[in-house]
Structures are given as structure tokens and as C-alpha cells.
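These are the residues of each chain, in order.
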Amino acid sequence: MLSRVAERMYWFGRYIERAENTARLIRVNTSLVMDLPDAKHIWAGTIDITGNLAEFEKRFSRVDERNVVKFLLEDESGSIRSSIKLARENARTTREIMPTEVWESVNELHFFIRDNIDKGLKREGRHTFLSEIIALCNQLTGMLAGSMSDDTAYQFLKLGRHLERADMTTRIVDVGCMNLVTLAEQQNEYDSILWMNVLRSLTAYQMYRQHVQDRVNGEDVVDFLLRNRQFPRAVSHCLEQVQKACNGLPRNEAPIRAIASVQRLMDSSDVIDLLNSARLHDFIDTLQLDLATIHQELGYCWFGHEAADRLTADGVIDAA
Amino acid sequence: MDLTKYPTKADFYDELLTPQNRARQGLQPLASFLKKQTLKQMRERQHNAELAIQTMGITFTVYSEGENIDRQWPFDIIPRIIKQKEWQRIEEGLKQRLTALNLFITDIYNDEKIIRDKRVPRDLLKSSKDYRKECEGVKPLYNSWAHICGTDLVRGGDGEMYVLEDNLRVPSGVSYMLENRKISKQVLPELFERYNIQPMDDYPTQLFDTLSSISPRPADYPEVVVLTPGIYNSAYFEHSFLAQRMGAELVEGSDLVVGDDDCVYMKTVEGLSRVDVIYRRIDDTFLDPEVFNKNSVLGVPGLMRAWRKGNVALANAPGAGVADDKLVYTYVPEMIRYYLGEEPILPNVPSYICSEPTERQHVLQNIENLVVKPANESGGYGMYIGPRETKKRTAEMKRLIKANPRNYIAQPILNLSTVPTLCDSAIEPRHVDLRPFILQGNKSYVTAGGLTRVALVKGSLVVNSSQGGGSKDTWIVAENEPGGSR
């Protein structure tokens, strides 16, 4: 399989997942705003979490709900609309690899967003709009699972999907951390509401309940979302899926090593202690950098990134 | 539908009906089929064809208002029929022509015999913008430079087929030819029972065999790839179609590298993998930024080096375009006589060479009745059609010819033949041309028919799909009785 085609499958997986999780991110914050007192802080934190603060500040002077939502829905970089647009471009150039219905579905999603984006800007239509996007993304994921061969191309798609999902879950957990800090001075009555919202945004509430009998509390939620091996959106589970996809690919030593190193970090960290000593946010930062390292290793190993760099550097390529 | 009012004209040849509105000999089944159909039935068949085109995703890309738009492929359901006996002669003529053209290209990049024997003027070639110094001294396998050629044929008012031009660079359209057949099988199945129509589906196989035959490593399964400029190219549909049908990788320039050993490799997830034959669908000047256009991101640095060393085959070979220059075209009958010692089977359209003083004089005096073509353009761009132009454009054209006579040839206006076409309220004649595809590697092959392009606008002679043209399926039919054995 051509490296370029593999890379496009990988990004297709990532962008669909990014669109879905950005919708989840907006949904959790919209819901939190209604429950918690300090709304302005919530929206400022949201932009911070996406890592796009600089881009945001180029376009908007004021951090408020309308601007943040507008940015996450339709900005040129990192928004739901741009993610779907890029997913569509990647699908367009790999049409012979995926079932036709997948291409048609991506198209449908693209046009749905184009025609309905105004509904997402206002609070009254937002929930329905975001739920529809999440549903259409799920439909795509399900369609792929049901109609695409578990071949090399699909491994790359799964790599993209699970790496992106792991990354986005860390960001949504970070929403919890961040709001917790400001709440500390106030009563802890909001604690459970906060984590409930975080769980709901990841469609994790029932599964969490199955797993944890105690009332919803930060310690258990954080541990569940980061370290659970069975829940599909938990970081450890995603890492395991990334590793499984790599196992099916040739010359996989370097990426497997990078994944194992993050898994070791996860296994050896006491996230409850980190949460209670207010160091979880820093830990999540480290985790995100480690996920970026895995991404980089995939590029070197299969997408010819390193080879391309070396080629521009001295005009020759290692023919190994 | 009523064909008695079909407006045939004495000086235009209609492919189906005689000037007396009778079906030409052997073509009665189509004519009587059309007579039995109502307009509503025909429109329904046409609608079904358009639905099929949409579902199959047959598109072409036009660049307009700063945006690339994928348009539905325009198709008219009434086929154009050519009898096998006539086709056999055309087929021989096309093979003869391409053989001579390939010998010519080898000659001018090597011994220059035809120039030394003064059959073709030297400055004709060296002034062609498609002459490539980098090709001098190269002798590709089987002396084949243009492995894939699309030759445009037109039928004049006299009923004779003329060669309008040869496309030796990156001719396109063959995928549409194949898809058109698929659609007409769906919407006109009855007619397939009444005619003995030559199949054409073997083209991708023949193309793969031709490409395999020029592989520098004679292996059972040479690695053949199709090199595309990418998704935004107007012919991307075709690139991906042919790659898929041949079972070859569809690659972009950035997928390929030339190694220290001057061999070409593609980047795969398994590592680098050697490539033997590149069916390239990008122009010469974008092939290799080390040699040609330095800013090209479509090409592969070092590709020309690899090709000159014989480590990779390029189809078509770089420099082949020198022979589809419109001015070189005027010498093709001469080439056939010179290299093959034969008389040309297919005639050229009579042409005036603007760089010859007396002919130029004639062109300038009669320009309003002539078609003037730039020597190095294709796709109908920059063409001047005398009777249709404004005074301003005529003056401009004269100035251009005087300033750069080498760049232009002129031809009389051709009475392009017509084929019945389904229009809004009736079946009307519309002008057509024909592009068959010829392959040449270790052997020659001609498609059974070709892509018939039709000018859908009444009276128009412009058949290019980018400029309002459509297409038709082309049937080569054997003349045994209907129901006969196949």
C-alpha cells in the first residue's frame, strides 16, 4: 500500500473522530454553563483545552459563548466544519479503497453541516444539531466496521481514530480538572454535577455506573476515563486499540515501542493522587505530548515523513 | 419518432440517413427502432442513462470562477454506427500512421535521416516547443515513443474520413468511451440483439499488456503505475478509472523517488518498492524539476535521469509531443512514404502552413473562410473559426500570424458529418468527430471504435466537453444478417 494512501486513511479516521469529539466538547460545556456559576471561565478554558488559543485570538477579541462556539463550529482550523471538509478530501482521494456508501455518508455529513451550521450557534438548536453530527459520525464508524475488510487500509483508519479519541478524551477530562480548580473555594456540591456532565459528554455514564458502584465522584471518573481497558473512549482502551492496529502492520517496531512507553506511564501513574494534589492538568499535558510522539513515529515509519525530510536535506534517500 | 422531417443537407454527410432521409445500407435496424419510439420513450431512456451516469459517478472536472466543479459526463443515447468493413481500413490507416510517427520521433532524436534527405525542414523541429534536447540519443524499446495515441478523425461532406490531429502527449477520453458502452447496453438492450457490435472492454487489458511490454525488467509481473497530477486535474476520473481497471497503483509525484542507483521507487508502507513502467498523465515539462520546470511539485526529481539510463519506462516517452505539433502534422503523409514506402491510407485535412510565404498570403487573404489553429495547443483552445469571429478578433488573428507565422496553420472549414441526436422536441442532426485510441508497444492495437464527441449546440462545430460538447457510444458493426452468429 502506498504511504500516501495510508496517510490519507489515517487522517480520515482522525478527522471524523475529531469532528465527533469537538461536538462532544461543545455539548459538555453548553450543559455545564447551565449548571455552574462562572460561565465566562468555562468558555475561556474550552479554547485553552483545544490548543488553539492563538488562532482564536486572531479572529476574536472577546471570549464569550457565541465566539467560542462559532470558532469550534466553523473556523478554518480545527473546527467541526473544517474537520469534515478535510475528512471528505481524504475520502475523495481514496475512494477506491473504501465502500461507496462511506463516501456518500461523508458527503451527506458535509452538506448537513453546511446547511445547518446556524442552528448550532444558538443555544436552542445546538443540542439537536450537535447530536445529529455525533450520530452521523457514529453511522460512518459503524458502516466502516460493517462493510470494510479488516485490511491494511482499515488498520490505518483505526490508528487515526483511536489516537484522536485518546487525545480528545484527555482534553475532555481536562475540562473537569480546570473547572474543579475554580470551584475549590466554593462548596463541593458542584463536584458531582461537573463530573456527571463530563461522563455524559462521552456517553460514559451508564458504563461508568456498571463499573463503579459509588456516587459519581472525580477520583473514580478520572480513573475510569483515563485507565479503564474496556470502555471504548477511555485512554488506556484507545492505546490498546492503537497497538492492535500496529500489530497488523509491517515494520512496526518503532511505533510499538512508543505506544508501550505511554502504556507504562499510564500503568505506573496514580491519577487519583494527581487529581487530589492538583497535578492532573500537568500530567494530561505530558500525556498529550506522548500521544503526539506516537503520531510522529507513525509518520516516520509508514508515511515516509522522515524519508521526505532526508530527501530535501541532501537529495538522496536511504533505499533500505 | 418521425424521421421524414429530419433536416439532412446535401453538403453535409449524415452518418445514419441519406439526403433522401433513408437509412444507409446496413443501418436500417437503428432507423426503424427510432421510428417506433415515441419522444416520451426516448426521453425516458435518456433520463435512465443520466441516472446511470450519476450513480456510476462518471464526471469530468471543469475549472471555472476559481473553483473546480465536477460535472456529470454529457451523453446522448443515440449511437453512432460505423460499418466494420470501413473500420478495418481506418484501423490499418491508424496503425500505419502511428508506426510512421514513432519512426519519425526516433529518427529526429537520433540520426536525423529525414532532415538530411531534405524531406522535412530542420527548423520545423528545432523551433517546436515540444522538441526536447534531453531526448537526443535515446532509443526506447520497439522504437515506441507514443505508446498511447488518440487520433481525432472527422468525416467531411464527401463522406471521407480525414485525420484532424494526432494526440501523442497525454490523450484522454478512453474511460468515457468504455463507460458510454456500459450505459448504452443498459438503455438500448434491444439494439444489441439486432446488431453484431464489436466489444471494446478489453482496452484496459491491452493497455496493461502494452505497458508491460516496455518494462526494463522482463518479469512476469512488472510494477506498472499510473502517475496523476492529482484530484484537481480535469481527467482525474480517468486516471483513477484506468488504474483500477488495470490493477495498477495510482500514484502522485510525491509517492515516487529516484534512488542513488537511478532507479525509480514508490513509497509504500512496506518501504521502497521498485517501479518499472510509469503511465504518466502529466505533461513533459512537469515530469522532472531537475530538468524541466523547477517549480513543478507534480513531478519526480531525477526521473529523466532514470529514464535515459533505461531503468524505467515512461509512457508516453518524453519528447513524443514533437510529432503532434500542428505543423509537423502537415508532414505525416510524407513520413509514411519516407519510412514505410507506402501511400497513406487516411488523408490529412488539407492545411496551409503560415510559415510558407505564399501559403501565408493565401491565409491572410481568405482568413474569414478558414480555421486557424495554434501549432501547439490542444482541447480547442486558441482556435479561430473565420465565419464566426468579430472583425476585431480577425484583425488580432492576422497580427498574430504575421508576428509568429511558425505558430499557426490554417484549414478550410470542414463540413463535419452529423449524427441524429435526441434534442428537446425532436431528433436533430448534430456534428461529431471521433477519437479512436491506438496502442503501440511490442504490437499495435486499435480500439473498436472510439470516443464520438458531439457538439450539442445546434450548428456548432465545437465538440470539446469543456466547451459544451457531449458524447455518443460508437458501434463498429459487422454486416452479417441480424440474428447471425457472433
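Presented here is an overview of the structure given in this document. Remember, predicted model here, so these are calculated numbers, not experimental data.

**Brief notes about the overall build of chain B**
On a plain count of helices and strands, chain B comes out with 15 helices and 23 strands. Here the C-alpha radius of gyration of chain B, 23 Å, is about what a compact globule of 486 residues would show, namely 23 Å. Its C-alpha atoms give chain B principal-axis dimensions of about 70 × 60 × 50 Å. Taken over 486 residues, chain B has a buried fraction of 58%.

**Regarding the environment of Thr452 of chain B**
Residue and element names in this part refer to chain B. One can find Thr452 in strand β22 (residues 451-455). The spacing of Thr452 and Glu428 is 24 residues in sequence and 16 Å in space, taken between C-alpha atoms. Setting aside residues up to four positions removed in sequence, Thr452 forms contacts with Arg80, Val432, Asp433, Leu434, Gly470, Ser471, Lys472 and Thr474. Among the polar contacts listed, one links the side chain of Thr452 to the side chain of Arg80, at a separation of 3.1 Å.

**A short note on the pairing of strand β4 (residues 148-155) of chain B**
On a regular strand, one side chain projects to one face of the sheet and the next to the other, so that they alternate. All names here are of chain B. In terms of residue burial, β4 counts as a mostly covered element, since 8 of its 8 residues are buried. Here β4 shows a buried face lined by Ile148, Gly150, Asp152 and Val154 and a second buried face lined by Cys149, Thr151, Leu153 and Arg155. Across 6 bridges, β4 lies against strand β5 (residues 161-167) in antiparallel orientation. Bridge pairing links Val154 to Tyr162 in β5. Here β4 folds back onto β5 in antiparallel fashion, the turn holding 5 residues, of which Gly159 has a positive phi close to 85°.

**Remarks on the sheet that holds strand β12 (residues 277-280) of chain B**
Strand-to-strand pairing in sheets goes through backbone hydrogen bonds, with the strands running parallel or antiparallel. Residue and element names in this part refer to chain B. Spatially, 4 strands are ordered β8-β7-β12-β13 in an open sheet, and the strand pairing comes out parallel. Pairing within the sheet leaves two strands with one partner each, and these edge strands are β8 (249-251) and β13 (313-315). Strand-to-strand twist across the sheet, computed as the mean angle between neighbouring axes with direction ignored, equals 30°. In this sheet, β12 lies alongside strand β7 (residues 224-227) in parallel orientation, the contact comprising 4 bridges. The partner of Val226 across the bridge, within β12, is Tyr279.

**Some details on the interface of chain B and chain A**
For an interface, size is often stated in terms of accessible area lost upon the parts coming together. The interface is formed by 21 residues belonging to chain B together with 21 residues belonging to chain A. Buried area between chain B and chain A, summed over both chains or domains, comes out near 1,900 Å², and the portion from carbon and sulfur atoms is 54%. Sorting the residues of chain B by area buried against chain A places Ile231, Lys267 and Val269 of chain B first, and these three jointly supply 32% of that buried surface. Put simply, chain B and chain A have 3 salt bridges between them. Residues Glu252 of chain B and Arg8 of chain A are paired through a salt bridge, measuring 3.5 Å at the closest nitrogen-oxygen approach. Joining chain B to chain A, the criterion identifies 10 residue pairs in polar contact (both at pLDDT 80 or more). Those elements that place two or more of their residues in the side of chain B that touches chain A are α9 (236-246), β8, β9 (256-258), β10 (264-268) and β11 (271-274) of chain B. Class assignment of the residues belonging to the side of chain B that touches chain A gives a composition of 10 nonpolar, 4 polar and 7 charged.

**Structural notes on unusual backbone geometry**
Note that the residue after Ala315 of chain B, namely Asn316 of chain B, is joined by a cis bond; omega there is -10°. Turning to its location among the elements, Asn316 of chain B is positioned in the loop between β13 and α12 (326-329). Even without a glycine there, the phi angle at Arg251 of chain A is positive, about 50°. Mapped onto the secondary structure, Arg251 of chain A falls in the loop between α12 (235-247) and α13 (253-268). A relative accessible area of 37% means that Arg251 of chain A is categorised as partly exposed. Positive phi, normally seen in glycine, also occurs at Asn21 of chain B, with a value near 60°. Checked against the element boundaries, Asn21 of chain B lands in the segment before α1 (28-36).

**Topic: the side chain of Ser175 of chain B**
All names here are of chain B. Counting through the fold element by element, Ser175 comes out in helix α6 (residues 174-187). Within the local environment of Ser175, its side chain forms a polar contact with the side chain of Glu238, the two groups lying 2.7 Å apart. Leave out the neighbours within four places in its chain, and Ser175 touches Phe237, Glu238 and Phe241.

**A look at helix α5 (residues 80-92) of chain A**
All names here are of chain A. With 13 residues, α5 extends 18 Å between its outermost C-alpha atoms, agreeing within 8% with the 18 Å of an ideal straight helix rising 1.5 Å per residue. Taken together, the buried positions of α5 are occupied by Ile80, Ser82, Ser83, Ile84, Ala87, Arg88, Asn90, Ala91 and Arg92. Near the N-terminus of α5, the side chain that reaches the backbone nitrogen of Arg81, with its oxygen 3.4 Å away, is that of Ser79.

**Examining the packing of aromatic side chains**
For the structure on display, the rule yields 22 aromatic pairs over all chains. Relative to Tyr176 of chain B, the ring of Trp73 of chain B has its centre 3.8 Å away and its plane inclined at 10°; by these criteria the two rings are stacked. Residue Trp73 of chain B is found in the loop between β2 (67-72) and β3 (75-83), and its partner Tyr176 of chain B is found in helix α6; the two are separated by 103 residues along the sequence. Assessed through its relative accessible area of 6%, Tyr176 of chain B is described here as buried. Cluster of aromatic residues (ring-pair linked, three or more members): Tyr10, Trp11, Tyr15, Phe156, Trp302 and Phe303 of chain A.

Calculation criteria
- Residues numbered from 1 in each chain as written.
- Chains lettered and ligands numbered in written order.
- Predicted model: local features only at pLDDT ≥ 70, side-chain atom pairs only at ≥ 80, totals over all residues.
- Heavy atoms only, no water.
- Helix = DSSP H or I, 4+ residues; strand = E, 2+ residues; numbered from the N terminus.
- Rg over C-alpha atoms; globule rule 2.2 N^0.38 Å.
- Buried < 20%, exposed > 50% of the residue type's maximum accessible area, 1.4 Å probe, protein only.
- Contact = heavy atoms within 4.5 Å.
- Polar contact = N/O pair within 3.5 Å; in protein donor to acceptor, adjacent residues only side chain to side chain.
- Pairing = 2+ DSSP bridges.
- Axes fitted to C-alpha atoms, helices over the stretch in contact; angles between N-to-C directions.
- Buried area = accessible area lost by both parts, 1.4 Å probe.
- Salt bridge = Lys/Arg side-chain N within 4 Å of Asp/Glu carboxyl O.
- Nonpolar A, V, L, I, M, F, W, Y, C, P; charged D, E, K, R; others polar.
- Expected span 1.5 Å × (residues − 1).
- Phe/Tyr/Trp six-rings, centres within 6.5 Å; stacked < 30°, edge-to-face > 60°.

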